[in-house]
Amino acid sequence: RRVGMSPSPFGTASSLRQADGLLAWRVERMHPVEDAGARRGRLRRGDSYVFLHAYASGGASGRKTYDVHFWQGAETSVDEAGASAIWAVQLDLLLEDMATQYRETEGHESKQFLQMFEDGVRYVDGGVDSGFRKMENKTFQPTLLQVKGKRTVIIRNVPVTISSLNSGDVFILDAGNCVYQWNGTKASSIEKSKGLSIAISVRDQDRGGRPPLKILDEGETNEDYKEFMSRMEYYSGEPGTVQDEKAGGCDEDPALRKEAPKLFPLAVSKEGVQAGEMLEPPLTKEMLDTAMVLALYAQGSIYVWVGRGTSKEVKEFVQLHTHVIPNSLGIERYRGLVIVKEGLEEAIFRSNFSSWSKVAVPKTPATSHAHAHTKSPVPFDVSSMQRRRSLDQPQVLHDPEDEKEVKIWRIENLELAEVDRKKQGHFFCGDCYIVLCEPTAKSKTPVIYYWQGKDASQDERGASAMHAVKLDNGYGGSATLVRVSQGKEPPHFCSLFQGKLVIHLGGVPSGFRQVHERDTLVDKDTDSSAEVSNTKLFQVKGTSERNVRAVEVVPVASNLNSGDCFILTAGSQMIEWYGRHSNLFEKAAQGPLAESISEFLEKEHSRAQLKEGEEDATFWSYLGGKAEYPDYNSSPPCESPRLFRISNDVTGPSGIVVEEIYSFTQEDLVDEDVMLLDIYTEIFLWLGRTSSRLEREEAMSIARKYIEMCSSTDGRSPDTPIAIVNSGRETNLFTHHFHGWDPDLPKKRTFVDPYEEKLQKLKLEQEQPRSPPWSKEKVLSSVRDSLASEASSHDGGAAAAANSVAEGDDDPEVSEPPKSPSTHTIPYHVLRTFKSSKDGVDMTRREAYLSHEEFHEVFGMSRPEFHALKSWKQVQLKKKVGLF
């Protein structure tokens, strides 16, 4: 099972077990190499990848779950696909065989895989050279991207023909000198909004910001639309017609429709895998024999259950030969496959069995399944809503013993403004920030977070992403980039601030210093300033020492609840209020957070501590008077409430899909759906404004069945109440389970369509003269600054060259390119436009300005491989790609 004798390319077992979030490797020449693009969901169709997703699955213990996915593109070679499976096994071994393995194939990925990528998955043509097969280096060709999906959007390349278009999706045409977005008449607002984000990315990142971006709706008759259709016909060489929405298929796999699960015993030997006769339903846990291997086909995926009593050879054969199992079952080869180990079964697997006790009881291996029952109708699959298992592992990405330097910048006027070190850990929900975690050890990889507040503008969000990428370029593209949305901060991000993460309301107009100079905050919606109230209320909430944080809420008594701790500041007074059912982590963090807030506000506070029930009239006066709030007099609150989305968007009128939302926030409440919130003592059904009648009717039935199931597994009452909550009319019994609830968010959603908002901003932008991110002027300015800075430490040659470039001499002497090509990387299509050294680059070494990734794409090899060639061969290659 070991792959070679050299050190693991994944790092040490200890570092992997401490990892948090998503790590990705691409199989290059049969070995895994870390890939930043894959972490962002950019997957090449000619490659195979290995992913590790480590995350906390809920509860106050801070335990962790590990998922290993190996993804195989439609055009990957057999050797790369096989290598990805082998390396996935190696990765699982390093995790002490405690991970769940998923085999993913292009276009048929599991829900668990797709949810890892907040911006969706984008398929890209091409791939790296494998050990036995080479990918051809192609010149520019127009590409057509299809944007599809509701919550988990997939972006895939499709043939550039009119017949590829359908009325149910969004398509983006990259024509080189122009970028088009074509919206089908039945495309959803989410697809349009996501499509516009991708189109802007294609224009700015892939095309250097030069071409215009044109937005088209199906059926228009203007000149731009005619131009688009003419281009499509020209590229394909034949006319075509736009297909109806059915041609685009379901937004998710139709195999997810309600269908009886099927269980097969598998006979595993050196000769292969042979499936036995299907076992009769209903399926029970007792059918799983610890000495056997069984295959379960359910909801479009194959789950291979491996008992503890199977031999080491059998376990190894199953893990390395997942590609042959679908054929043995008579199922399509592309179906996703999950390796499930006895004792580590997840909820989605357990849900297919009519009986599964909460506590595992050792049993004698069965020798037969003679107790089969007659067939009966399969009930609605509410057991898929059971909790998934977790592992008792700490949640850290950065080793606490490692020395590291943390720098933070706030996006101010779309530029970076450094945050004073004393103010680190304090964020405003109306702003965006860049957080750099740089280990002092050179062997460690830096991590760049770009944190986006829930009330930040689209411009600020875009600027934060752009600056994060620019900062990554300074490290040669080797840094780990992590996008962090407010409310979904991963534990390794929270750990940087050592339990002192605080999120304030509003946004600061001109940096942190003005909080004290003018004591004003900006209202992002009205763009006006208002005097900050002397009273502030912070909700302290979390389930472990690494995810506890303080979030400012409106200072009224109804925002209190006995399940959390709160910090109240009023003038020179600071009161730490302890809810009677707050957990140990919240109580422990209360003091340090209060001290941090006091230091941030730069006020001398007289601090006091109050337990719930000890409040006096002064306390209530600070909150505008005493009011009702969730007090949990009869029973403690649920420490880890769970949120489910109930929707028929996948199956249409024929059925319902239930999907759990992990690490949920208020923004996960989608008006098109019904949401189920489980707080153990009560079930809330939240009805979105535009949810369908079918969704509302089915939601009540699902809630009743869910309570019935839970009463037999976790001891809750079968009479647990079900409360109906309408969007925009939520009570505090419901809202306090969402950290930092914004009562105005439903109103904002009612009047602001994300696609229309982006479209209006794009139109305003295009009305103004626009300098592209990689215009020649900006490149020249960058090079001049570099030359000028070298003048102070050299004999004047660099200064002469800088002056020559600035004054426009006919043949200036240009110094060597930057020592690190990543210092001033220039896109390939821009470099080709430079004709002489007065353009500010060394014309004899233009290839040195390419990024590492683009160098590989242009030349089909790495820099060391290129420089190992003879000089005449290098010249020949540079002539071929237009860089000589």
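To be clear, the structure that these remarks concern was listed above.
Computed from a prediction, not measured in an experiment: that's the story for all the values here.

A. Inspection of the environment of C710 at higher detail. Tracing the sequence through the fold places C710 in helix α15 (residues 693-711). What makes C710 buried here is its relative accessible area of 4%.

B. Region of the structure containing the nonpolar core. The biggest cluster of nonpolar side chains holds 36 residues, and the ones touching the most others in it are I408, F427, V435, Y449, F493, I567 and L593. The element contributing the most residues to this core is helix α13 (residues 584-601), with 6 residues. Of all hydrophobic cores here, the second largest spans 20 residues; its members include L23, L52, L91 and L94.

C. Spotlight on the pairing of strand β30 (residues 573-578). By the criterion of burial, β30 is predominantly enclosed, with 5 of the 6 residues buried. Hairpin geometry of strand β29 (residues 565-570) and β30 is characterised by an intervening segment of 2 residues between the two adjacent antiparallel strands and by a positive phi of about 65 degrees at G571. Relative to strand β31 (residues 606-611), β30 is paired through 6 bridges, and the arrangement is parallel. Within β31, the position partnered with W577 by the bridge is L610. A crossover connection joins β30 to the parallel β31 through α13; in handedness this β-α-β unit is right-handed.

D. Region of the structure containing the pattern of salt bridges. Inspection of the entire model under this criterion finds 29 salt bridges. Of the charged contacts, one joins E552 and K536 as a salt bridge, the two residues approaching to 3.7 Å between their closest N and O atoms. Of this pair, E552 sits in strand β28 (residues 549-553) while K536 sits in strand β27 (residues 535-541), placing them 16 residues apart in sequence. A salt bridge links D564 to K541; the shortest N-O distance between them is 3.2 Å. In this pair, D564 is assigned in the loop between β28 and β29 and K541 in strand β27, connecting sequence segments 23 residues apart. Taken individually, D564 and K541 each receive the classification buried, so the pair is uniform in this respect. Connected through shared salt-bridge partners, R26, E28, D35 and D47 make up one network.

E. Layout of the sheet that holds strand β10 (residues 170-174). Spatially, β3-β7-β9-β8-β10-β11-β12 is the arrangement adopted by the 7 strands of the open sheet, whose pairing is mixed. A single partner strand is all that each edge strand has here, and the edge strands are β3 (42-44) and β12 (213-217). Recorded for the sheet is a direction-independent mean angle of 25 degrees between the axes of neighbouring strands. With 5 bridges joining them, strand β8 (residues 143-148) and β10 adopt antiparallel strand pairing. Residue Q146 lies in a different strand from β10, and its bridge partner there is F171.

F. Broad picture of helix α3 (residues 78-94). The terminal C-alpha atoms of α3, which comprises 17 residues, lie 25 Å apart, in line with the 24 Å expected from a rise of 1.5 Å per residue. Buried residues dominate α3, accounting for 13 of its 17 residues. Directly beyond the C-terminal end of α3, a positive phi value near 60 degrees is found at E96.

G. Seen up close, the packing of aromatic side chains. Going through the model one piece at a time under the given rule, you end up with 28 aromatic pairs. Taking 5.6 Å as the distance between ring centres and 80 degrees as the angle between the ring planes, the aromatic pair formed by F427 and F497 counts as edge-to-face. On the criterion of sequence distance, the pair formed by F427 in strand β20 (residues 426-428) and F497 in the loop between α11 (491-494) and β24 (502-504) is long-range, its members being 70 residues apart. Note on Y449 and F493: the rings are 5.1 Å apart at their centroids and 70 degrees apart in plane angle, and the pair reads as edge-to-face. Taken together, the positions of Y449 in strand β22 (residues 447-452) and F493 in helix α11 put the pair 44 residues apart, joining distant regions of the chain. For the pair Y449 and F493, one class covers both residues: buried.

H. Molecular detail of helix α22 (residues 852-859). Of the positions making up α22, those classed as buried are F855, V858 and F859. Taken around the axis of α22, the buried residues stretch over an arc of 80 degrees, which confines them to a single face. In this structure, the buried side of α22 is in contact with α21 (828-831), α23 (863-867) and α24 (871-880). With its phi angle positive at about 75 degrees, G860 sits one or two positions after the end of α22.

Cut-offs used in this document
- Residues numbered from 1 in each chain as written.
- Predicted model: local features only at pLDDT ≥ 70, side-chain atom pairs only at ≥ 80, totals over all residues.
- Heavy atoms only, no water.
- Helix = DSSP H or I, 4+ residues; strand = E, 2+ residues; numbered from the N terminus.
- Buried < 20%, exposed > 50% of the residue type's maximum accessible area, 1.4 Å probe, protein only.
- Core = buried A, V, L, I, M, F, W, Y, C linked by side-chain atoms within 4.5 Å.
- Pairing = 2+ DSSP bridges.
- Right-handed = clockwise from strand over helix to strand, strands pointing away.
- Salt bridge = Lys/Arg side-chain N within 4 Å of Asp/Glu carboxyl O.
- Axes fitted to C-alpha atoms, helices over the stretch in contact; angles between N-to-C directions.
- Expected span 1.5 Å × (residues − 1).
- Phe/Tyr/Trp six-rings, centres within 6.5 Å; stacked < 30°, edge-to-face > 60°.
- Arc of directions from axis to C-beta.
- Contact = heavy atoms within 4.5 Å.

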